[in-house]
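Now for the letters of each chain:
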Amino acid sequence: MNNELHLGHFTGCILPGDVYSRFLKLKGEDAIYVCGTDEYGTPTEVAAQKEGVTPQELTDKYYAKQNEVLKKFNVQFDIYSRTTTLDHTKQVHEFYNAWKHNNFIYRKEIEQLYCKHCDRFLPDRYVEGICPLCGAEGARGDQCDTCGKPLDPTDLKNPYCITCKNTPELRKTEHVFFELSKLEEQVLEWVENHEGLFQNSKNFALGFIKQGLNDKDMSRDLKWGVPIPDAPGQVFYVWFDAPIGYVTFTKQLGKLNWWQDKNTRLVHFIGKDNIPFHTIYFPAMLIARGDDYILPYKVASYEYLTFKGSKLSKSKGHMITLREAAELFPVDYWRYFIISSLPERADTDFTWEGFQERINNELNNDVGNLVQRALSLAKKYVNSTVPKPVTLTDNDKIVLKQIETSAQQVAELIYDIKLKEALQEVAKLARIGNQYIQIEEPWKNQERQKEIIFVSLNVVKALSILLEPFIPETAKKIQDYLNLKPQMYDNIADHLEPGHELNKEFEPLIKKIEDKDLPIKNEGQQQQGVKEKPGDANAKVKSAAVSTEVGKAAVAAVEYDDFAKLKFKVGTIKSAERIEGADKLFKLTVDVGEQNPRTLAAGIAEFYKPEELVGKQVIVLANLKPRTIRGIESQGMLLASETEDGKRVKFVTVHEEMPPGSKIR
RNA sequence: AGCGGGGUGGGGCAGCCAGGAGUGCCCGUCGGGCUCAUAACCCGAAGGUCAGUAGUUCAAAUCUACUCCCCGCUACCA
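Report follows, based on the coordinates. (Residues numbered from 1 in each chain as written. Chains lettered and ligands numbered in written order. Predicted model: local features only at pLDDT ≥ 70, side-chain atom pairs only at ≥ 80, totals over all residues. Heavy atoms only, no water.)

## Let's talk about the overall build of chain A
Inclusion rule: Here a strand is any run of E in DSSP of at least two residues, a helix any run of H or I of at least four, and the numbering for each starts at the N terminus. Buried, partly exposed and exposed residues are distinguished by accessible area as a fraction of the type maximum, computed with a 1.4 Å probe on protein chains only: under 20%, between the cut-offs, and over 50%, respectively. Residues are treated as being in contact if the distance between any of their heavy atoms lies within 4.5 Å. In these tables, accessible area is a Shrake-Rupley quantity obtained with a 1.4 Å probe, and a residue counts as shielded only by the protein chains included in the view.
Within chain A one finds 20 helices and 25 strands. Residues classed as buried in chain A amount to 52% of the 665 residues present. Of all intrachain contacts in chain A linking residues separated by at least 6 positions in sequence, the fraction that spans at least 24 positions is 73%. Counting only carbon and sulfur atoms, one obtains 47% of the accessible surface of chain A, whose full area is about 31900 Å².

This is the structure we're talking about:
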């Protein structure tokens, strides 16, 4: 909760949950979709400190932004609340008292680092020092980044306070512990026998439990957090309050009793980093709470959508924010794309090409086009009125029957949270519709026009219902064209009334994404006005190195200093060979006047033969951050020129031989 | 380094947990058709030793062991 929402958040938890809950409601189920912001925790506090505002001010700001953008994406929460409310504090205290009552809480005196200068304890990330294991400097109190080992603040050698840099001292303090170890068996049994966990959740949780569940220190000597009632000056470790937010928010909706109702099916949608909290800690907290609190029915955990190939990503880890995404394309495009490429099994890399392909070929050509076809046929031949079929042929009946079959399959898949597959099933119905029109040829087959158009329109109507959970705006648009009121899922097989008038005004549902619409081509504009941090220039050029798109990227005006950061050198190609399994790449060794020749991966294999290259002089960007491409480390980038259509590529050279290593300026 | 995941026709995926002819989906390629529709749509074809090795089995993409590649997390974060 110290950042804007980005496509990763949307993919991992928000959108799948929205599709699922929209579907349930459309199906007439008693469903609520509960979500909120988790606002405590040291990261928020540290971020606020950096921005020079209070944590509350920071979270207020982001809460408002998130709320706004979620509405834009038509996320239909029943409540989007926050953990910094009094309701939540009360709810956490209620849990705490129950844990105490059920003997899951004990106190223990431990030693913690204390900064006299700042007059505070230094938990987790408030302290840095030298890692006792690998000796690296700047290891944080919770973990060393260099060797990756988790640490306790007290493990650090030469610790210092990150705020004032003074050396802290050890001070005794009494902390509250949650006796997780007592629940190991119960949690293990639940994980092992629970069918509702996604495979990745289950594997991870089992591995986690195998290492043994230790009691957890719930106390933090901080102010920002839910105060522990009987431990003045201490707050709950954020993961002990955040999941209780689900309970708080449900209570705010007046449905607290759902948590103790055996018929409630609690389904979590999370990203994979949240797996231990939703499969181990939270279930343990619920068991310890007692009073028949229910455990999750399903935990849908998603892998990551990664952005390494995207030119929008300014640095590693930077995502496209939802706000940016909505400015670029209609939100339904994003909703469609993300569900159709949900990272269920493995991380999935986002590419603009993939996005464009999916939207153009599937959403546009199959779905959009079918709607357009059917409506146009109706307008042209039956004056935009649902015709009365006289005699239905077997094929007509098969297609009408298919609507029911599809609806049933889609429903089963969504109940089972196989959203990607469900959406494919919807797209399949659109294809069947296209196929049907093609085979029946209503433009030729005049005596059967009424029946064919009748069937086609019913397919379109069915699509509008099936699509609603996924792309609600588009679904609504189709229903407007059909002049229909919002439908329920179970009405899907009801045929349109003959004589029902359709809307004569309609336009293509979806517009194709042209190459020029993609931000790759607008890179210059995109980045204007964005202050890049020093060193970022490397990152920007890097993406061009693999895609041979040097010629395509529009060039924004740069400062001379930025240009001066780039070190170009003349190099002589010593050897060139194809890289196995890569059509476009050569592995080159190039002498750039250094002790050893450099290894480069160059995307010019479609345009040269290896033997043509040996001995040639090329221009190399020598201070590009090395990058591993197809298993070889590319230590620079070869400059080349490319025609607009990408059909011709020629490397850049000097017109007379220069000594290898000569500078370019 | 630790933890997790992946390697399936040219590209992207599903299938693997509950083994049964390489089955499926999207794109691309090639050939054909249609002209109602957004140069869209429909039909057909080519293309894979399911990363490798060894095992279990009547039977392995699927189970086991090992090996090789790749990726993510271990900053914020789903």
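Let's pick the thread back up.
## Here's the deal with the sheet that holds strand S3 (residues 105-115)
Defined as follows: A pair of strands counts as paired when DSSP detects no fewer than two bridges linking them. Every axis corresponds to a line fitted to the C-alpha atoms, with the helix fit spanning only the stretch in contact, and the corresponding angles, defined between N-to-C directions, vary from 0 to 180 degrees.
Across the sheet, which stays open at both edges, the 4 strands sit in the order S4-S3-S8-S9 with antiparallel pairing between neighbours. Looking along the sheet, the strands with just one partner apiece sit at the ends: strand S4 (120-121) and strand S9 (216-217). With 10 bridges joining them, S3 and strand S8 (residues 169-178) adopt antiparallel strand pairing. The residue bridging Gln112 from the neighbouring strand is Arg171, located in S8. Here helix H4 (residues 86-101) sits on the sheet and contacts S3 and S8; the angle it forms with S3, its principal contact strand, is near 120 degrees.

## Points about the nonpolar core
Which entries qualify depends on this criterion: Put simply, a nonpolar core is a bunch of buried Ala, Val, Leu, Ile, Met, Phe, Trp, Tyr and Cys residues held in one set by side-chain atoms that sit within 4.5 Å of each other.
Counting residues in each nonpolar core, the largest one holds 101 residues, and the members touching the most others are Phe73, Phe355 and Leu457. The residues contacting Leu457, other than those within four sequence positions of it, are Ala374, Leu375, Ala378, Val386, Pro387, Leu482, Leu496 and Leu502. Grouped together as the second largest cluster of nonpolar side chains are 44 residues, Ala205, Val226, Phe240 and Leu266 included.

## Brief notes about the packing of helix H11 (residues 331-340) against helix H16 (residues 472-481)
Selection criterion: Roughly parallel covers angles under 35 degrees, roughly antiparallel covers those over 145, roughly perpendicular covers 65 to 115, and oblique covers all other angles. Gly counts as polar in this scheme, as do all residues outside two lists: the nonpolar Ala, Val, Leu, Ile, Met, Phe, Trp, Tyr, Cys and Pro, and the charged Asp, Glu, Lys and Arg.
For the pair H11 and H16, interaxial distance at closest approach is 8 Å and the crossing angle is 115 degrees. Relative to H16, the element H11 lies roughly perpendicular. Along the contact surface, H11 presents Val331, Asp332 and Arg335, while H16 presents Pro472, Glu473 and Thr474. Here the contact of H11 with H16 is composed, by residue class, of 2 nonpolar, 1 polar and 3 charged.

## Considerations on helix H14 (residues 419-440)
For the α-helix, the turn length of 3.6 residues means that residues three or four positions removed from each other point alike. As a reminder of what qualifies: The span expected for a helix works out to 1.5 Å for each residue beyond the first.
In this model H14 runs 32 Å from its N-terminal to its C-terminal C-alpha over 22 residues, within 8% of the 32 Å that 1.5 Å per residue would give. Backbone geometry just downstream of H14 places Glu441 in the positive-phi region, at approximately 45 degrees.

## Regarding the pairing of strand S12 (residues 267-271)
Stated precisely, the cut-off is as follows: Orienting the strands away from the viewer, one traces the path from the first strand over the helix to the second; a clockwise path indicates a right-handed crossover.
Burial runs high along S12: 5 of the 5 residues are buried. Residues of S12 alternate between two faces, with Val267, Phe269 and Gly271 on one and His268 and Ile270 on the opposite face, all of them buried. Of the pairings in the sheet, the one linking S12 to strand S13 (residues 298-302) comprises 5 bridges and is parallel in character. From the neighbouring strand, Phe269 faces S13, where its bridge partner is Ala300. For the handedness criterion, the β-α-β arrangement of S12, helix H9 (residues 275-289) and S13 is classed as right-handed.

## Digging into unusual backbone geometry
For Asp291, which is not a glycine, the phi torsion comes out positive at approximately 55 degrees. Tracing the sequence through the fold places Asp291 in the loop between H9 and S13. A relative accessible area of 52% means that Asp291 is categorised as exposed. Positive phi is not limited to glycine here, since Ser384 has a value of about 50 degrees. Along the polypeptide, Ser384 turns up in the loop between helix H12 (352-382) and helix H13 (394-415).

## Examining helix H2 (residues 42-51)
Within H2, the full set of buried residues consists of Thr42, Thr44, Glu45, Ala47 and Ala48. Directly beyond the C-terminal end of H2, a positive phi value near 70 degrees is found at Gly52.

## Observations regarding the pattern of salt bridges
Using the following cut-off: Salt bridges are defined by distance alone: a side-chain nitrogen of Lys or Arg within 4 Å of a carboxyl oxygen of Asp or Glu.
As enumerated under the stated definition, the model contains 30 salt bridges in all. Its salt-bridge partner being Arg107, residue Asp230 comes within 3.1 Å of it at the nearest N-O pair. With a gap of 123 residues between them, Asp230 in the loop between strand S10 (219-220) and strand S11 (235-236) and Arg107 in strand S3 connect regions that are remote in the sequence. What makes Arg107 partly exposed here is its relative accessible area of 34%. For Asp416, the salt bridge is made with Lys418, and the minimal N-O distance between the two is 3.3 Å. Judged by relative accessible area, Asp416 falls into the partly exposed class, the value being 36%. In this structure Lys418 comes out as partly exposed when scored by relative accessible area, which is 36%. Through salt bridges that share partners, Glu4, Lys65, Arg323 and Glu327 make up one connected network.

## Let's talk about the packing of aromatic side chains
Defined as follows: We call Phe, Tyr and Trp rings a pair once their centres come within 6.5 Å, taking the six-membered ring for Trp, and we label the pair stacked below 30 degrees between planes, edge-to-face above 60, and tilted otherwise.
One pass over the full model with this rule turns up 38 aromatic pairs. When the centroid spacing of 6.2 Å and the interplanar angle of 20 degrees are considered together, the rings of Phe104 and Phe178 count as stacked. Of the two residues, Phe104 is situated in the loop between H4 and S3 and Phe178 in strand S8; the sequence distance between them amounts to 74 residues. Of the residues examined, Phe104 reaches a relative accessible area of 12% and is grouped as buried. Its relative accessible area of 1% is what places Phe178 among the buried residues. Ring centres of Trp334 and Phe355 lie 4.4 Å apart, and the angle between their planes is 25 degrees; this geometry places the pair in the stacked category. Of this pair, Trp334 sits in helix H11 while Phe355 is found in helix H12, placing the two residues 21 residues apart along the sequence. Residue class for Phe355 comes out buried when judged on its relative accessible area of 0%.

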